[in-house]
Structures are given as C-alpha cells and as structure tokens.
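# Analysis of the macromolecular model
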Amino acid sequence: MKKTLFTQIEGGKSFYALLAALGAVILMGMFAVYYMEHDGHWVTGMNNQIVWGMPHVFAIFLIVAASGALNVASIGSVFGKKIYKPLAPLSALLAIALLIGGLTILVLDLGRPDRLIIAMTHYNFKSIFAWNIILYNGFIALVAVYLWTMMEKRMNRYTTVAGYAAFIWRLILTTGTGSIFGFLVARQGYDAAIMAPMFILMSFSFGLAIFMLVLMNTYKWTDRPIGDVILRRLKNLLAIFVAGVLYFVVTMYITNLYATEKHGVVSFILRDGGIYPFLMWVGYFLLGTLLPLALLFHPATAASRKAITAACWLVILGGFSLVYVIVIGGQAYPLEIFPGYEIISSSFEGPVGSGFYAYYPTLAEFLLGFAGIAIALAMTAVAVNVLRFLPHSLADEEVDPHAKG
Amino acid sequence: MAKWGMVIDLDKCTGCQACTTACAMENNTLPGESWQDVLYYHEGSYPSAQMKWLPRPCMQCENPSCVHVCPTRATYKDMDAGGIVFVDWNKCIGCKYCMIACPYGVRFYADEKPLLEPDLRDIFPGQKGQLWSPPYQNPEEDWTRGIGVQPKGVVSKCTFCHHKVSKAPPGTPDLDEDNPALKEYVPACVRTCAPKARYFGDLDNPDSNVNRLIGDKHGVRLKDSSGNKPQVYYLGAGAGVPAFQPKPRS
C-alpha cells in the first residue's frame, strides 16, 4: 500500500456557507436554551412523569453514536486492518465531536447547568450516572491522545496501544450508557441487563452510519476520489451492525415477554402505545432496519452510492426512533404501583383514558437537539479545514494495491 | 437515634386530601407539586363500581433507589435525622435521574407546568433564588435538607416535616397530635388528618404505637418486592391490595 497523503480541505465559499448554516442552527439552539432556562423547564413537553424528553433523545443518540464513530479507527489499530488506517483520524475526530455535541445538549438541559462543577467534583460511585461523567471525560481525553499518536510522527509507535485503550474504554462507555436504563428496575420499560450490550451494538451501527455520511459527503464536496473498495467494506460492516442491533432488540422483547410482569409494557411498546408502536414498527423495524439491509445487500442497489447514502440516513432515522422509544416510551408506561392489579384510572396525576402518560415535544427541545448535532458537525468541519485529517485520495488503487483498475 | 416511620390506616382514610393541603401549606409547594398526594382509583364497573384511594407520601426507604442513582450525592439518607431521605438543593443539578429511579413516583421537579391559572409564580415572583414567594412562608429553611421554598431547577420531595419532628424530645416513641406536649412536632399531614388515619413514631422503639400497629394489624409496605424497604406502612383491608381489581387472565 502506498503512503497515504493527508491534506486539509479548502476553505471556499461553500465551506463558509456550511459553517454559517451550522452556526445559525447553534444560535437558534442557544436561544432555545435561554428560553427554557429563563422561563423554566415547564415550557417544554417534559413533566413530572416524562422527566427526560427530546433533548435526552438527541443527547443519548449522539453519545452512543460517538462511541461507534470510533469503529473505523479501532478496526485499523486493534484489528490490524490496514485499509481502514487512513480513515482513523477522521473516525477519532468525529467520535470526539459527536460526544461533545451530545454532552452539550445534556448539560444545557440540566435544571442547574451552572452547577456542572458540582457534577465534576461530587461523585457518588454507586451511581452509574456519575460513572458516566468519568467515562465521557475520559473518552474525550483518551481519543485526543489516540489522535495525537496518529497525527504526530514521533508518536506513531504508540498508536496501537492508544487504539487498544480507546477501544476498551468505548466499550465500557457504551455499557455505562446502556446501564443508565438497564439498572432502572423501577421502570418496567427499562430494567433489562441486555440493554448494556444492545447499546454497544447500537453505537456500532449509528456511529458508522454517521461516519459514512460525513466521509462520503466530504469527499463529494471537496472533489476527492473515494473508491468502491473502501465503500463496499464499510457498507458491509454497517449491514452487520444493523443486523446485530436487530438481534438484540428482538431478543430483548422476546425475553421480556417471557416474564408475565412485562407483558403490559411490551404490549404498550409494540401494540397499544400509539406513537411508540408506530416508531418501533415503521421507524425502527421497517425503515431503520429492513429497508437499509435490503438496500445494502440487494444486487440491484448494493453497488449504488445513492443507495448506500440512503441506507445510512435510514439507519440514523431508525436509530433515532429506537432511542426515542427506549427513553420516552419507558417513562410513558406508568409505574406499576400495584403489581398484578389493574389501575383503571386515577384523578390526580395518573394516566387517564389512554392508560399512559402523554408527551408532546416542543420546538425549543428540537432546536436544542439540532444545535448539538450542529456543534458536532461544525467542530468536524473546522478541524478538517485546519488540520490534515483526511487522505487526499481514497481511490481503490490508493487504499488497495490489488484492486482492479 | 429514632428511625421515623409512618403508618396509614386505609380503613380510616376518607380521601379528604386534608393531608395534601396541609403539606402544601407547611412546605410552600406549588399546586400540583403534591409531596403528600392521594391517588384515586375506580374499582369494578357499574352497578358495583367503587372508588378507592391511597395516600402516598415519600416512603423514606431504608434502601432508597433515588440515593443510589444521584450522581452528586445531593440526595442522601440521613440516619442521624431518623432515616429521612433529603435532597440538598445546593448540590442538586436537576438531572432528574432520581425521579426516574423512584418506584413510587414521589419526587417532583419544582419547575413544573402551572396547574392553575393564573400562574402563582407570576403573582408572587420568587426572590433570592426561590421559585416563587408565597405571602405566607414557613420560616424554617434548610436548603441542605430540601426545606423551605424551592429554588428553580431542582428536585423536591417530602421530608417527613423534618423541621418539626427534629425538635421532638429524644427518645419519644410516638409523635401523637393528641398529646399537647408533642403536637407541635407532629408532621403536618399527620396532625391534620381528621379521621386519625395516620400515626407517626419510632420504628426502632419496640414500645412505639407504630410498631404495635404494624404488628397487630399486619402492616404492609408498598411494592415491598422492590427491596426498597419503605418506612411507611399501610393498614386495613385495602393495604394488602386485594381491594384492587386483579387483571383479567388472558
């Protein structure tokens, strides 16, 4: 394999237009934060039953995807697949950017974001949430070191060690994120140990889909060649991860159905819960899983770049639907105060009529979520403009000398 | 040190919600932020339909889920204060993880949607970081224990009226509202309960009335299977839950 030449991207008109657009989204998000903080959280769709809302869906999606965006770098450093090594710097950069985007949303949605220093200095080591604060900060630091070893020639010899450390750390990180929900035995919609490994697979899938979209679009906009060899490998990998998530999701619901006490919540999520069954069946299963798998494997579309792009978008859409159902659906299903007995209605705060708690996300919540995504993309755009993150060419003959011309 | 516990006799409770009102007045909570809630249920169908209710304070669990999940230790169980679970409003970052983790749904985000119009927060705007400033304010304030008018962006909960019970003479087995010497130390919900359905005392004292009631009348704890071990016990025919309609078998 030839030596890879890394270069910055040009900062032309379209680049600054992109930055301006992302900046506008971030600005709107900050206005939304000001509105929510100034008027109070009651202006959002969240309430005393649905306490985590749309900002948390965005944040958890980005945090999970951040870990998965490191896939490509890990495959190069840990599993020794040389073809992926030229992509490793972008992979690590995107991992950091997505995590910062997700954490920004999470912090700005706190009731008291001004007390972030307390969260950093008062740890309850029994709390998986506290562990996650350490894991997220550690991930950013570790991946930054990993990036340094990749981009600084003198440090190249440490890349493998740093890659291993980052790989192990990201597995623990996503386990921690899944455990936030898995450990919650009070809520029947959560309380499943399988959520920890499921979140790892989710991270692989969502992170790789985002990575591929960023990679393909960057190369398209900057007129850099990207060959079929690398894309074919990436799309096959994505398909495996999508199938992996499907396996875990199906297993989770089947195992839940094994326990009689969980029949109610599974029926709620998959059949009776209004928006939640729609998001699961149409959003996740059909559009987010089966359709992308068909696009990625069907002979008529498997080689099409448009189909691969569409599949990536669909995986993101499906992933977002899945995270929404996990986070919001788990709270919308009422607490079982009297296990085994039916609460027909309650007048003060319980579910009335429909049988579950309602949640209507507001514009401000969406704006904050989009701002998190924009922060991640803007960071990535500025970084690839300033530093040499991207290979000048990913043409087949560059990445694989044995590729047919 | 005492381990404070509450006993609620569901056979006596009339569902009048005097406890809810007294709690709100005592602790300056906003409408809807019912630390001492009464849940209502319909049972059966016409013509044999019945209404049931269940008063639901914080259970002050011996093994509280909320304490385990709080990332900053803002929520803590104070064994020197009778085992009451508190929220330190100076440390709470408003992540709301405790609200999701609580099996009983008895924690509240202070900054909630107004239940009534006009919004009382607009009529009595908060001062010095308070969420609102009601015309009558309980002079007792201890943010490290979540006592006083709540600040913005934190979680609040029942404190078993710690500001009252903590002043009771040491070694008191029961805080009985009928005892003139003790009535000022009785939690607001217990003191105001018209049918005397509530009892408050030391669960660690074998001579306390609450212990006797729990033993004699087979007191049960809500969702005991959760392992949280509440310090609130229920008595009466409805307490064992058979009063609620079983789910029909499919």
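Residues numbered from 1 in each chain as written. Chains lettered and ligands numbered in written order. Predicted model: local features only at pLDDT ≥ 70, side-chain atom pairs only at ≥ 80, totals over all residues.

### Side note on the overall build of chain A
Rules: Counting from the N terminus, the helices are the DSSP runs of H or I reaching at least four residues and the strands are the DSSP runs of E reaching at least two. It is over C-alpha atoms that the radius of gyration is taken, and the globule rule equals 2.2 Å times the number of residues to the power 0.38. Here a residue counts as buried when 20 or more other C-beta atoms fall within 10 Å of its C-beta, as exposed when 12 or fewer do, and as partly exposed in between; the C-beta atoms come from the backbone. Contact between residues is assigned whenever the C-beta positions, reconstructed from backbone atoms, fall within 7 Å.
Secondary structure summary: chain A contains 14 helices and two strands in total. Against the 2.2 N^0.38 benchmark of 22 Å for 405 residues, chain A shows a C-alpha radius of gyration of 22 Å, consistent with a compact globule. By its C-alpha atoms, chain A is 70 × 50 × 40 Å across when sized along the principal axes. Of all 405 residues assigned to chain A, the portion counted as buried reaches 50%. Considering only contacts in chain A between residues 6 or more positions apart, those separated by 24 or more positions represent 79%.

### Notes on the packing of helix α8 (residues 195–221) of chain A against helix α12 (residues 305–332) of chain A
All names here are of chain A. Just so we agree on the cut-off: Every axis in this analysis is a line fitted to C-alpha atoms, fitted for helices over the stretch in contact. Angles between the N-to-C directions lie between 0 and 180 degrees. Oblique is the label for every angle not falling under 35 degrees (roughly parallel), over 145 degrees (roughly antiparallel), or within 65 to 115 degrees (roughly perpendicular). Crossings are sorted by hand: turned counterclockwise from the far helix by less than a right angle, the near helix makes the crossing left-handed, and turned clockwise it makes it right-handed. Classes in brief: Ala, Val, Leu, Ile, Met, Phe, Trp, Tyr, Cys and Pro nonpolar; Asp, Glu, Lys and Arg charged; the others, Gly included, polar.
Where α8 contacts α12, the two axes come as close as 9 Å, and the packing angle between them is 140°. Judged by the angle between their axes, α8 and α12 are oblique. Crossing handedness for the pair α8 and α12: left-handed. Of α12, the residues touching α8 (which contributes M202, S205, F206, A209, I210, M212, L213 and M216) are R305, T309, C312, V315, I316 and G319. Taken together, the residues of the contact of α8 with α12 sort by class into ten nonpolar, three polar and one charged.

### Description of the sheet that holds strand β9 (residues 232–235) of chain B
Residues and elements named next belong to chain B. Definition in use: At least two DSSP bridges between two strands are needed for those strands to be called paired.
Taken together, the three strands give an open sheet; going across it, the order is β8-β1-β9, and neighbouring strands pair in mixed fashion. Since the sheet does not close on itself, it has two edges, and those belong to β8 (198–202) and β9, each with one partner. Adjacent strand axes in the sheet meet at a mean angle of 20°, parallel and antiparallel pairs treated alike. Bridging between strand β1 (residues 4–9) and β8 involves five bridges; their strand directions are antiparallel. Within β8, the residue paired with V7 across the bridge is Y199. Together, β1, β8 and β9 form the strand contacts of helix α7 (residues 209–216), whose direction differs from that of β8 by roughly 115°.

### As for the environment of G53(A)
Residues and elements named next belong to chain A. You can see G53 is positioned in the loop between α1 (13–39) and α2 (54–69). You can call G53 buried: it has 24 C-beta atoms within 10 Å. With 69 residues separating them along the chain, G53 and H122 place their C-alpha atoms 25 Å apart. The residues touching G53, leaving out its near neighbours within four places in the chain, are T44, G45, M46, I328, Y359, P361 and E365.

### Observations regarding the nonpolar core
One recurring pattern in soluble globular proteins is that nonpolar side chains are buried together. Residue and element names in this part refer to chain A. Quick reminder of the rule: Here a nonpolar core is just a set of buried residues of the types Ala, Val, Leu, Ile, Met, Phe, Trp, Tyr and Cys, joined wherever their C-beta atoms sit within 7 Å.
Ranked by size, the top nonpolar core spans 201 residues in total, and within it A92 and L98 carry the most contacts. The element that contributes the greatest number of residues to this core is α8, accounting for 16 residues. Residues within four places of A92 in sequence aside, it is in contact with L70, A73, V143, Y146, L147 and M150.

### Some remarks on the environment of V72(A)
All names here are of chain A. Here V72 is to be found in helix α3 (residues 71–77). Judged by local crowding, V72 falls into the buried class, with 31 C-beta atoms found within 10 Å. Measuring from C-alpha to C-alpha, the distance between V72 and V43 comes to 41 Å, with 29 residues separating the pair along the chain. Sequence-distant contacts of V72, defined by excluding residues within four places in its chain, comprise Y84, L87, A88, S91 and F211.

### Quick look at the packing of helix α6 (residues 128–151) of chain A against helix α7 (residues 159–182) of chain A
Residues and elements named next belong to chain A. Two numbers describe how α6 lies on α7: the axes approach to 9 Å, and their chain directions differ by 155°. In terms of orientation, α6 and α7 fall into the roughly antiparallel class. In the packing of α6 onto α7, the handedness of the crossing is left-handed. Of the residues belonging to the contact of α6 with α7, the class tally is 18 nonpolar, eight polar and one charged.

### Observations concerning the confidence of the model for chain B
Residue and element names in this part refer to chain B. Definition in use: In predicted models, pLDDT denotes the confidence assigned by the predictor to each residue on a 0 to 100 scale.
On average, residues of chain B score 89 in pLDDT, and 93% of them reach the 70 mark or higher. Taken together, the stretch residues 240–246 has pLDDT below 50 and engages in 18 contacts with residues farther than four places along the chain or on a different chain. Complex prediction metrics read pTM 0.93 and ipTM 0.91.

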